[in-house]
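What the coordinates show
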Amino acid sequence: MDGELTIGGADATALANEFGTPLVVYCEQTIRERARAYRAAAPDALVVYGTKAFPNVAIMRLLSDEGLGADVSTLGELRFAQHAGVPAERLVVHGNNKSDEELAAAVDAQAAYVVLDSVEELERAQAAGIERMLVRITPGIEADTHESIRTGQVGSKFGVSPDEAASLASQVDGLHVHVGSQLLALKAASETVAWLNRFVAQTGWEPRVVDLGGGLGVPTQPGETAPSISEFVKTLLGTLEVPAHVILEPGRSLVGQAGVTLYRIGAVKRSGDVTWVAVDGGVSDNPRPQLYGARYTAVVATRVEAAPTAAYSIAGKHCESGDVLIDRVELPAPARGDLLAVPATGAYTLAMASNYNGVPRPAAVLVADGHARLIRGRETVDDLLRAEHR
């Protein structure tokens, strides 16, 4: 036997046959274990899920059951959190350009904190009736990650300068800092806390709340490693010298490794020195390879233990030469109709999906103890046409 891939105790083939492909399959046990790891590493902190990684009511309800809150950055994300039943005292509202409607919604939701992203926002937030605020500081740290997901460098669109933040100290409850995402080493986290300690000491500020953001990355290809949740949190809290209530905002590290995308293989063809394997999805359901140079691996779901026969390139079905999911992966000879599984696709895939080429977005299921339930329905072309005015 060459081995059948199982996710959460369910066979990948059975999932694909029941729910179709492309399909993003989430393992409930993995999500719960990672949520519990954060709670164990930081028992006194407020841990809030970075909703942008994958806004989904079912997953947010699961995380809320584990004691987590939600970090939301738009009205839509706030509504997802509310529908999931996330308690108001666990809501943190972000956004670099909040509308009046979003500020009013934060007041109505009685969110724990609203994070100011500019000096001018203070007056607008106060006028809206917001009482509990943090201010986001840009510390000037260039995290070792893709430039599009660095957020703490000088010139970032996010946050205010240290001097501007200090000028707001008497009018806010605390501060927020986040230097980037998909961090696969501890250096940036360590530098951030060291900077924060110096900043607070130099300014004499005594913040009641310190929000250290998120950023912990997940490996997506063989040979890649990342710190454990325990190691990452210990680096943040172990050297923090500010006696304040701490907030953490993990996103990718909660759901990224919990998700596996299943694709149906179509055309297999040789072109020059490359053998292309085309699947029934691509850039419309996972734009990360194109946006951030993300690299993934894959397995043939019905032959996970079979020896590879050659190296293949995995292409999507869209009209773009750049629609390449995986540049090179060794597989046992794939054929039309086979099921291809791409792991570590639980974050920033469906959350960033589009309808490019008029392709409907995929479904998602949550699997536990061998049982799957639909948590996001598959779009149809009729759904897309309903938005058209003819």
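Residues numbered from 1 in each chain as written. Predicted model: local features only at pLDDT ≥ 70, side-chain atom pairs only at ≥ 80, totals over all residues. Heavy atoms only, no water.

1. Description of the sheet that holds strand β7 (residues 113–116)
Let me state the cut-off plainly: Only when DSSP finds a minimum of two bridges between them are two strands counted as paired. The numbering of helices and of strands both runs from the N terminus, where a helix is a DSSP run of H or I of at least 4 residues and a strand a run of E of at least 2. Axis definition: a line fitted to C-alpha atoms, over the contacting stretch in the case of helices. Angles run 0 to 180 degrees between N-to-C directions.
Overall, parallel pairing links the eight strands, which are arranged β4-β5-β6-β7-β8-β9-β10-β11 in a closed barrel. The mean angle between the axes of side-by-side strands here comes to 25°, regardless of whether they run parallel or antiparallel. Across two bridges, the pairing between strand β6 (residues 91–93) and β7 is parallel. For valine 93, the partnering residue across the bridge sits in β7 and is valine 114.

2. Comments concerning the pattern of salt bridges
For clarity, the threshold we go by: Every case where a carboxyl oxygen of Asp or Glu lies within 4 Å of a side-chain nitrogen of Lys or Arg is listed as a salt bridge. Throughout, exposure labels follow a simple rule: accessible area from a 1.4 Å probe, protein chains only, divided by the maximum for the residue type, with under 20% read as buried, over 50% as exposed, and the rest as partly exposed.
Enumeration according to the criterion identifies twelve salt bridges in this entry. The closest approach of N and O atoms between arginine 32 and glutamate 66, which form a salt bridge, is 2.6 Å. Of this pair, arginine 32 sits in helix α2 (residues 28–41) while glutamate 66 sits in the loop between α3 (57–65) and β5 (69–72), and the two are 34 residues apart along the sequence. The same class applies to arginine 32 and to glutamate 66, which are both buried.

3. Digging into the packing of aromatic side chains
Rule in force here: By convention, a stacked pair of Phe, Tyr or Trp rings (six-membered ring in the case of Trp) has centres within 6.5 Å and planes under 30 degrees apart, an edge-to-face pair has planes over 60 apart, and any other such pair is tilted.
Applying the stated criterion across every chain yields a total of three aromatic pairs. Note on tryptophan 195 and phenylalanine 199: the rings are 5.1 Å apart at their centroids and 10° apart in plane angle, and the pair reads as stacked. With tryptophan 195 and phenylalanine 199 both in helix α8 (residues 187–203) and four residues apart, this pair spans about one turn of that helix. Judged by relative accessible area, tryptophan 195 falls into the buried class, the value being 14%. Note on phenylalanine 199 and tryptophan 205: the rings are 6.1 Å apart at their centroids and 70° apart in plane angle, and the pair reads as edge-to-face. When sorted by exposure, phenylalanine 199 lands in the same class as tryptophan 205, which is buried. Chaining the aromatic ring pairs together yields one cluster made of Trp195, Phe199 and Trp205.

4. Observations regarding unusual backbone geometry
Backbone geometry follows two general trends: most residues other than glycine have a negative phi, and most peptide bonds adopt the trans configuration. The amide bond that connects threonine 21 to the next residue, proline 22, takes the cis arrangement and shows omega of -10°. With respect to the element layout, proline 22 can be found in the loop between α1 (12–19) and β3 (23–27). Of note in this structure, glutamine 110 is not a glycine but carries a positive phi near 55°. Here glutamine 110 lies in the loop between α5 (100–109) and β7. Taking the relative accessible area as the measure of exposure, glutamine 110 reaches 57% and is therefore exposed.

5. A few points about α3
Note the cut-off: Between N or O atoms, a polar contact is any pair within 3.5 Å; within protein, one atom must be a potential hydrogen donor and the other a potential acceptor, and residues adjacent in sequence are included only when both atoms are from side chains.
The set of residues buried in α3 consists of Ala58, Ile59, Met60, Leu62, Leu63 and Ser64. Put simply, asparagine 56 is the residue that caps the front of α3, since its side-chain oxygen is 3.1 Å from the backbone nitrogen of alanine 58. Positioned one or two residues after α3, glycine 67 has a phi angle of 95°, which is positive.

6. Some remarks on the packing of α3 against helix α4 (residues 75–83)
Put simply, the test is: Angles are sorted into four bins: roughly parallel if under 35 degrees, roughly antiparallel if over 145, roughly perpendicular if 65 to 115, and oblique for all others. When the near helix sits turned anticlockwise from the far one by under a right angle, the crossing is termed left-handed; a clockwise turn instead gives a right-handed crossing. Contacts are residue-level and defined by heavy atoms, with any inter-residue pair within 4.5 Å sufficient. Three classes are used: nonpolar for Ala, Val, Leu, Ile, Met, Phe, Trp, Tyr, Cys and Pro, charged for Asp, Glu, Lys and Arg, and polar for all others, with Gly counted as polar.
Remark: α3 packs on α4, axes separated minimally by 8 Å, with the N-to-C direction vectors making an angle of 60°. Accordingly, the angle class assigned to the pair α3 and α4 is oblique. In this structure, the crossing between α3 and α4 has a hand that is right-handed. On α4, the residues that touch Val57, Met60 and Arg61 of α3 are Glu77, Phe80, Ala81 and His83. The class makeup of the residues in the contact of α3 with α4 is four nonpolar, one polar and two charged.

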